[in-house]
Each structure stands twice: as structure tokens, then as C-alpha cells.
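# What the coordinates show
As a plain string of letters, each chain reads:
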Amino acid sequence: MGVRGLQGFVGSACPHTRTAVNFKELAELHRNQHPGCAPTVVVDAMCCLRYWYTPESWVCGGQWREYFAALRDFVKAFTTVGIKLVFFFDGMVEQGKRAVWVRRRLKNNQEIARIFHYIKSHREQPGRNMFFLPSGLAIFTRFALKTLGQETLCSLQEADYEVASYGLQHNCLGILGEDTDYLIYDTCPYFSISELCLDSLDTVMLCREKLCESLELSLADLPLLACLLGNDTVPEGLFESFRFQCLSSYTSARKNSDKRGNVILAVADHISKVLRLHQGEKKLEEMLPLGQNKALFYKGVASYLLPGQTSPWIFQKPIGITTLGKQIVSVSTDPEFKPESLVCTHPESKEETPVCTHPETEQEDPMNVEPEMKQQVTMVSDTEILKVARAQHVQAESYLVYGVMTSGEIECSNTLEDALDQALPSQAFVYRPMRQRVYSLLLGAGGGGASGGPVVREWFVHSGNPLRHPDLVRPLPMNVPGGTPSLKVLWLSQEPGIQARRMDTLLACLDLSSSREELQAVESRFQALCCLLTYLFVQVDTLCLEDLHAFIAQALCLQGKSLGQLMDLQLEHVEPRAVQLDSLLVRDLSMLVLVNSACGFPWSSSDFMPWNVFDGKLFHEKYLQSDRGYTAEVLVEQDRSRLTRFHDLKSIVCKACVREDRHIVSRQHWRPHHSGRWERQGSGSHRTNSGHSRSGRRQHWRDQGPGSRQCEPGWWRRHSPSSGWSN
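Each chain carries its own residue numbering, running from 1 in the written order of its sequence. The predicted nature of this model means local features are confined to residues of pLDDT at least 70 and side-chain atom pairs, given and counted, to a pLDDT of 80 or more, with totals for whole chains, interfaces and linings taken over all residues. No hydrogens and no water enter the side-chain calculation; it runs on all heavy atoms of the structure.

## Points about the overall build of the protein
Elements are defined by DSSP. Helices are runs of H or I of four residues or more, strands are runs of E of two residues or more, and each kind is numbered from the N terminus. The helix and strand tally for the protein stands at 30 helices and 16 strands. Residue exposure (1.4 Å probe, protein chains only): buried if accessible area is under 20% of the type maximum, exposed if over 50%, otherwise partly exposed. Counting the 727 residues in the protein, one finds 59% classified as buried. The contacts of the protein with a sequence gap of at least 6 include a subset with a gap of at least 24, amounting to 72%. Put simply, the protein shows about 28600 Å² of open surface, and 50% of that area lies on carbon and sulfur atoms. In this description, contact between two residues means that some pair of their heavy atoms is separated by no more than 4.5 Å. In this description, accessible areas are obtained by the Shrake-Rupley approach with a 1.4 Å probe, and a residue is regarded as covered only by the protein chains that are shown.

## So, the pairing of strand β7 (residues 202-206)
Pairing of strand β1 (residues 18-22) with β7, which is carried by five bridges, proceeds in the antiparallel orientation. Following the sheet pairing, Thr-19 is matched in β7 by Met-205. Both strand β6 (residues 190-192) and β7 contribute to a ladder of two bridges, which runs antiparallel. Bridge pairing in β7 links Phe-191 to Met-205. Note on pairing: two strands pair once DSSP finds at least 2 bridges between them.

## Topic: the nonpolar core
Only buried Ala, Val, Leu, Ile, Met, Phe, Trp, Tyr and Cys residues count toward a nonpolar core, and they belong to the same one when joined by side-chain atoms within 4.5 Å. Formed by 146 residues in total, the largest nonpolar core has its most connected members in Phe-23, Trp-52, Leu-176, Met-405 and Trp-491. With residues near it in sequence (within four places) discarded, Phe-23 still touches Val-41, Phe-78, Ile-83, Leu-173, Leu-176, Phe-191, Leu-196, Leu-201 and Thr-203. Within the second largest apolar cluster, 60 residues are counted, among which are Leu-206, Cys-212, Leu-217 and Leu-265.

## Comments concerning helix α27 (residues 616-627)
The terminal C-alpha atoms of α27, which comprises twelve residues, lie 16 Å apart, in line with the 16 Å expected from a rise of 1.5 Å per residue. Counted residue by residue, α27 has eleven buried out of twelve residues, so it is predominantly covered. Buried within α27 we find Gly-616, Lys-617, Leu-618, Phe-619, His-620, Glu-621, Lys-622, Tyr-623, Leu-624, Gln-625 and Ser-626. Structurally, α27 contributes buried residues whose contacts are with α4 (64-79), α23 (545-558), α24 (563-568), α25 (576-598) and α28 (632-635). In the analysis that follows, any N or O atom pair within 3.5 Å is treated as a polar contact, provided that within protein one partner can donate a hydrogen and the other can accept it, and provided that, for residues neighboring in sequence, both atoms belong to side chains. Capping of α27 at its N-terminal end is provided by Asp-615; its side-chain oxygen lies 3.2 Å from the backbone amide nitrogen of Lys-617. Phi turns positive one or two residues past the end of α27, at Gly-629, with a value near 90°. One less than the residue count of a helix, multiplied by 1.5 Å, gives the span that helix is expected to have.

## Considering the environment of Gly-453
For Gly-453, the position within the fold is in the loop between α18 (432-443) and β13 (456-460). The exposure class of Gly-453 is partly exposed, given its relative accessible area of 47%. Measuring from C-alpha to C-alpha, the distance between Gly-453 and Pro-475 comes to 7.7 Å, with 22 residues separating the pair along the chain.

## Details of the sheet that holds β7
Here seven strands make up an open sheet; going across it, the order is β1-β7-β6-β5-β2-β3-β4 and the pairing mixed. Strands with a single pairing partner mark the edges of an open sheet, and in this sheet they are β1 and β4 (151-154). Averaged over neighbouring strand pairs, the angle between their axes works out to 30° when direction is ignored. Summarising the sheet, strand β5 (residues 174-177) and β6 pair through three bridges and their orientation is parallel. Of the residues in β6, the one forming a bridge with Leu-176 is Phe-191. Note on geometry: axes are lines fitted to C-alpha atoms, helical ones only across the stretch in contact, with angles between N-to-C directions running from 0 to 180 degrees.

## Quick look at the sheet that holds strand β14 (residues 471-473)
Reading across from one edge, β12-β13-β14 is the order of the three strands in this open sheet, with mixed pairing throughout. One side of each edge strand has no neighbouring strand; the edge strands of this open sheet are β12 (409-412) and β14. Pairwise comparison of adjacent strand axes, ignoring direction, gives a mean angle of 30° for this sheet. Judged from the four bridges that link them, β12 and β13 form a sheet pairing that is parallel. From the neighbouring strand, Ile-410 faces β13, where its bridge partner is Glu-458.

## Section: the packing of aromatic side chains
Here a Phe, Tyr or Trp ring, Trp counted by its six-membered ring, pairs with any other such ring whose centre lies within 6.5 Å, and the pair is stacked when the planes are under 30 degrees apart, edge-to-face when over 60, and tilted otherwise. Tallied over the full model, the rule gives 26 aromatic pairs. Ring pairs connect the aromatic residues Phe-23, Tyr-51, Trp-52, Phe-74, Phe-78, Phe-87 and Phe-191, which therefore count as one cluster. Either the NZ atom of lysine or the CZ atom of arginine qualifies as a charge over a ring when it sits within 6 Å of the ring centre and within 35 degrees of the ring normal. Over the ring of Phe-460 we find Arg-435, and its NZ or CZ is 3.9 Å from the ring centre.

## A word on the side chain of Asp-160
Tracing the chain through its elements places Asp-160 in helix α7 (residues 159-169). Just so you know, the count uses Lys and Arg for positive and Asp and Glu for negative, and it drops His and the chain ends. Only one rule defines a salt bridge in this text: a Lys or Arg side-chain nitrogen within 4 Å of an Asp or Glu carboxyl oxygen. Buried charge without a partner: Asp-160 forms no salt bridge, and the closest opposite charge is Lys-97, 5.4 Å away. A distance of 3.1 Å separates a polar atom in the side chain of Asp-160 from a polar atom in the side chain of Tyr-185. Non-local contacts of Asp-160, meaning those with residues more than four positions away in its chain, are made with Asp-44, Asp-179, Asp-181, Tyr-182 and Tyr-185.

## What about unusual backbone geometry?
Of note in the backbone geometry, Leu-400 takes a positive phi value of approximately 75° without being a glycine. For Leu-400, the position within the fold is in the loop between α15 (383-394) and α16 (401-406). Judged by its relative accessible area of 14%, Leu-400 falls in the buried class. The backbone of Phe-601 shows a phi angle near 65°, a positive value even though the residue is not glycine.

## Things to note about the state of the cysteines
Cysteine sulfur atoms are paired as a disulfide whenever they come within 2.5 Å of each other. According to the stated counting rule, one finds zero disulfides in the structure shown. Here Cys-47 is not cross-linked by a disulfide; its sulfur's nearest cysteine counterpart is in Cys-48, at 6.2 Å.

## Quick notes on the packing of helix α22 (residues 524-539) against α25
The angle between the axes and the distance between the axes are what describe a pair of packed helices. As a packed pair, α22 and α25 sit with axes 10 Å apart at the nearest point and diverge in direction by 115°. In this structure, α22 meets α25 at a crossing whose hand is right-handed. Only Leu-584, Leu-585, Asp-588, Leu-589 and Leu-592 of α25 make contact with α22, whose side of the interface consists of Ala-528, Leu-532, Leu-533 and Leu-536. Grouping the constituent residues of the contact of α22 with α25 by class yields eight nonpolar, no polar and one charged. Handedness of each helix crossing follows the sense of rotation of the near helix against the far helix: counterclockwise by less than a right angle gives left-handed, clockwise gives right-handed. Each residue gets one label: Ala, Val, Leu, Ile, Met, Phe, Trp, Tyr, Cys and Pro are nonpolar, Asp, Glu, Lys and Arg are charged, and the others, such as Gly, are polar.

## Remarks on the environment of Thr-180
For Thr-180, the location among the structural elements is in the loop between β5 and α8 (181-184). A polar contact of 2.8 Å, which involves the side chain of Thr-180, links it to the backbone nitrogen of Val-3.

## Some remarks on the pattern of salt bridges
It is possible for side chains bearing opposite charge to pair when their charged atoms get close. This model, assessed by the stated rule, comprises 32 salt bridges. Between Arg-577 and Asp-547 there is a salt bridge, with its nearest N and O atoms 2.8 Å apart. Of the two residues, Arg-577 is situated in helix α25 and Asp-547 in helix α23; the sequence distance between them amounts to 30 residues. For the residue pair Arg-577 and Asp-547, the accessibility class agrees, reading buried in each case. If you follow the salt bridges from partner to partner, you end up with Lys-561, Glu-621, Lys-622, Glu-637, Asp-639 and Arg-642 in one network.

## Here we look at the environment of Ile-139
Examined against the element boundaries, Ile-139 turns out to sit in helix α6 (residues 137-147). Among the residues examined, Ile-139 registers a relative accessible area of 6% and is labelled buried.

## Let's talk about the confidence of the model for the protein
Mean pLDDT over the protein: 84, with 81% of residues reaching 70 or higher. Contacts for the low-pLDDT stretch residues 446-451, under 50 throughout, to residues beyond four places or in other chains number nine contacts. Long-range and interchain partners of residues 708-727, a stretch whose pLDDT sits below 50, account for 55 contacts in this model, where long-range means more than four residues apart. The score called pLDDT rates the predictor's confidence residue by residue, from a low of 0 to a high of 100.

## A word on the packing of α22 against helix α29 (residues 640-659)
Where α22 meets α29, the axes come as close as 9 Å, and the angle between the chain directions of the two elements is 40°. One way to sum up the angle between α22 and α29 is to call them oblique. When you trace α22 past α29, the crossing you get is right-handed. When α22 is examined against α29, the residues Arg-525, Phe-526, Cys-530, Leu-533, Thr-534, Phe-537 and Val-538 are found in contact with a partner set consisting of Arg-645, Leu-649, Val-653, Ala-656 and Cys-657. Partitioned by chemical class, the residues of the contact of α22 with α29 number nine nonpolar, one polar and two charged. When describing relative orientation, an angle under 35 degrees is termed roughly parallel and one over 145 degrees roughly antiparallel, while 65 to 115 degrees is termed roughly perpendicular and anything else oblique.

Here it is in C-alpha cells:
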């Protein structure tokens, strides 16, 4: 994140750029200077997740009640002194940042492998030095903050740009985050979240003006410096030889600076003493070895220019480029430079993704274009529906919906999954059929077979996926009683009975329409859980009755647990299989956010927020107990009312699974297979790799290929339990 090497340089070579401040005092000063204007701190939430997640346990899927309490304390600390908070979350991965996103995901895979190795070796959670964010933390943090009454926004482009823009335009007290890009933007003051003491509200302000003094640069030079050093837009290796030349000719290298620090000093010196000599006389590409990377470099410089700002390093009026529904401001002085194509083509195929272009606003100076796009390139042509989807996205009320409808592209980051354990599939495959039906609903297609209909590009992290290309995934047809309603009906209609139609559509996305009657009899707070467990157990035939008992028991017992009891819970040991099941369920909950929003919100989101239905340590405890053969009475802690609910919920899930020819049996009836999988004894109920689903219409995870990986035709056979792709 941010500018390469700048964080360490500021800390070691420019300590005077760091000033101790107190938010309470700053807020009082702001009120005196701006009467009637509430002091506002805009928060880069993605930078703060590690700071916010304070529970001791993290490997078991998340201590969500504790986490919610930590967020509540954070909000209270600021609101008590009259400071308003506005939270921004990443809503899109820009095409230019995809390579960076992929590198980080692959690095995370290595970290996850080390975590599981440690768990298997020590049967306990690793230390904080191996800390990994629980799955879905960013998604559910949005909803937690909204529950706490906070203004929570999801970006339409790079989040740090929108954070910096908001801070500047709304005269905010400052930005709270941990990203050196905020030292480059010419915006309001930047404060460090890692240095924040919540009790006193003391932190550190990093001053870009003092940084400029140290480097003998102006604020307008900082974007140029950032791109020459390397950032998320301009790869670090692009100007490696140029930086070496700067360092070779730099005579004032500081003895107390490391090599990278001296490189920063040398590049800054070159800007101030060489490039400025010809500023305004020569084009930048005549003074720098930009070569064929000229357009990328100008785009990088322009990415730091907020609405209304210009750069002295750019001659001509910038060109606004709109691609895939996101505004990407790019700048060029080359008359032959052309905007990127507005039609997305898979790198290894000739297949194009259909897009529709809609004029939305009048032509204006591209530098003044905010998230309001001049043109919106989408996969859906209904502008009214797009407007609703966009509003829900920006207000952080939905998940993935807008990305599917505009760019036809979605992503999911790493999950705590053991790449060496073949017994459980990746969540990327388990929930793909669910997503495919949502694609059908959102894109109005899905019955066209293997060669027709739209394609969604999925960037989902799973074992063996090098992430060189997205999986090309087509919608699956839905079976909604009475026919699939349109999005206008689901999202906008106020007619009587519309909630029932929304629920029918949601159940169809999960392929659970036949269980509607039984689910209606369940308390609303357990309906979502029953749906998710049924879907999960039908999809994954290596789950057993003991697993089901653990899932249900923890949800029931959670209702009666205080925060203190959950915090004090101690586990005898950590089981790697249970860690994976934790992650599977939490990802299940996050997928339900997608389905619920796509179907017009038939359920209240509070019914499936993890702090209401899941606790990692509690599930782990129930898993260990169930694996040892503890009775249902013991699992629900001798509570009669819980025991009744336990048997009711178990019955509903088991009956729904039987309808799909999925008989959930005890692990005692299984035997270990030589490949590491669990295989049921007898052939009657064993799921084969024939490529056909249980009921003839259900898409099972083992029947899936990765989509159209035309670049590597043998990839799926090497890394997947099945090579079939039945769509």
C-alpha cells in the first residue's frame, strides 16, 4: 500500500514530520475556527481492520461479539468528544491495480500455509506475529458500523482517492489511516491509526509540508516523486535503473539513512535540481525514461490529483477515461495516446463481455469528475435499476451486486483454508452455484447453455489458482415458483405479497424452494442459519452429522452467552479441520449478504450478522465436544428449550438434504480414504465424480470447472477433484 519505502523513510530519516497530537484538542480548535461545522474525521476503514480486531482469538473464524464491542468503543471514544466519523471501504479493484491485488493474495496464501503448519504441529493458535484477519471481516465491519449509526460508504474507485477527496471537499479535521499515499495527496491532515491511543485520543500526525521541506520539494512535486519511487499504479521495477542513476550522481547521501532512504533523497534531489530546470520547456517524457510506459506514468501522476487540482508537470488538459463503470482519470501529453477499450475481452479468448454505455452527466472538465461518471459502461441496460444498485453500493448496503451489474467482475480475498487438506473444498467452489443463480437474476440470463449468455469474471482465491486470469463463469437458470421476477419488481415494488416473492427468489438462489414450508415454521433469527446449513451440507458431502450438531449447538448457545463468557472461553486445543469449517460458515454468511441484497432484502441483515449467529471459539468448543460423541443435551448445555430447538433445526436441515439425496450420517459410518478424503461405506449414498448432480438439476461443487481457463486447459485436472463443467 502506498509509496514504496516512504513509511520507513519518514520514521527514520524525517522524524520531524511526525507530530504528537490529541484529537480532543484538535476538535476544539476546529470548532473555534469553523463555528457551526462539526469536526469530522474521515476513516480509511481498510487500513484500520487490524487495529480494530483486538480479540485474542483470530484463527477460529472470528470472535464477532468481541469485535463488535471493540468497534462500539472506538466510535464512542470519538463521538464523546464531538467528533463525527465517516468510514470508507474499498468497493472496487481497479483494473490497473489488479496485479498488485494478485501479488498480495498469493503472498497471503504462503502465510496461510504457515498458519496451518503451525496448528498441525502445535495444536494451538499461532502468535500474533502470524495474525491473519478472519474471513469476511471487511464485509461485516461495514454492517457493524451502520448498526452503530455511523456513516459508512463504499468506494466506486480507489478508496484512498475517495477518502482524500472527501476530506478536502468537506473541510475535514483529518484522515485516519495507515497509507503513505495520504502524504502525497494535497488534502486535509493525515493521522496514523497504528499510533492511536483510544483512551486518550492521542496519535501522530504525519505532515506532508514538513516532508516537502526535508526533500526540498513543493506539494505539487509529491505525485511525481511517488510514481518515480513506485506505488500501486506504477510498478517499483519500472524506474529501477533511473533511481540507480540518481543515487550514483547524488553527493549528499546521509550516513544515517539506509539505502532505500538515500534513493528517496536522490530522486527528490533530481526533481528539484534537474527536472525543474526545464519545467514548462520540455515535456516530462523528454526528461524521464518513460518509453512505452508513458501513459501508465501519467495516469499514476494524475491519480493523486483531487477534483479541481492540476499538476505543473502536466502540460495539456487531461483526458477523462471511463472504463467498466468506474472513473479513472488518466493524463497524457502524447497525441497518439488512446483510452483503454470499453469492451472487456478475456486475455486468451476471443469472447467478449457484452457492455452497455449510458450517458449520465453533461460533459465537464475531467479533473472535476468525482464518482459521478460521464459515461457508465455496464452489463445491464436498465438505468433505473443501475441507479438503485449504485446507491446501495455507495451506502454499503449491498455486496458484490454493483460490480456484477457494471463490470461483470467480482473478487474474493483469501480464506483460512488448508491447501494440503483434500477433504474439504474451497469456499470459492462451494458457493459458486449460489453466485451463478444470482448472476442469472442480476443479468437476466442463464438459460443459454454453455455457449450463450453473459460471462462473469471471478477472481476468487483458492488452492492451486495462480490468479493469472479470472475464471469465466456463466449464470445458472433459476427455478422460482411462478417465474423469476424482474429486478424492478424485487427492488422497487410495494405491492402486497412482494416480500413472499422476494423470499421465493432467495430460496431459489440457494436451490431450496422445496423447503419453504418447513423454513417458515422456524424463528426468523434461525431461518437464515437453516438455509445456509442446508446449502452447505448438500454441496459438501464430506460433512458429517457431528459437524451439523456443532454448527447448530453453537448458534443456540450463543444466544445465552454474555460477552465476558465468550472472552473467557478457553479451548483445549485447536483442530485444523474446525478452522476450515469456521471459515466456510463465515463465507456462507457473506454470500447471503449478496443473495439477500440481490433479491430485494427479504431478510433483515441482523438475522445473519455473525455477531448474532456465530462465535469462533464457541463453535470450536462444540466441534471438539461433538467429535468426541457428546450428546445433544451436553452440547446445548443441559438447556431444555435449546434442546427442543436443536432437534427442530436438525430435522429441518436433514429433511431438506434428503430431498436432494444427501443423507447426513455420523462419522462413525465413514472410513478414511487413501487420498485423504472421507468416503461413506457402501455405494448407495456415495457421491461420485460422474459430473452429474444429485437431483439432476443441482450444481454440486465437484461438478464445477474453473470456467473458461483456455490459457491452461490441464489446470483443473491437476488441481481439482473433478474436471466436469456441466454448463
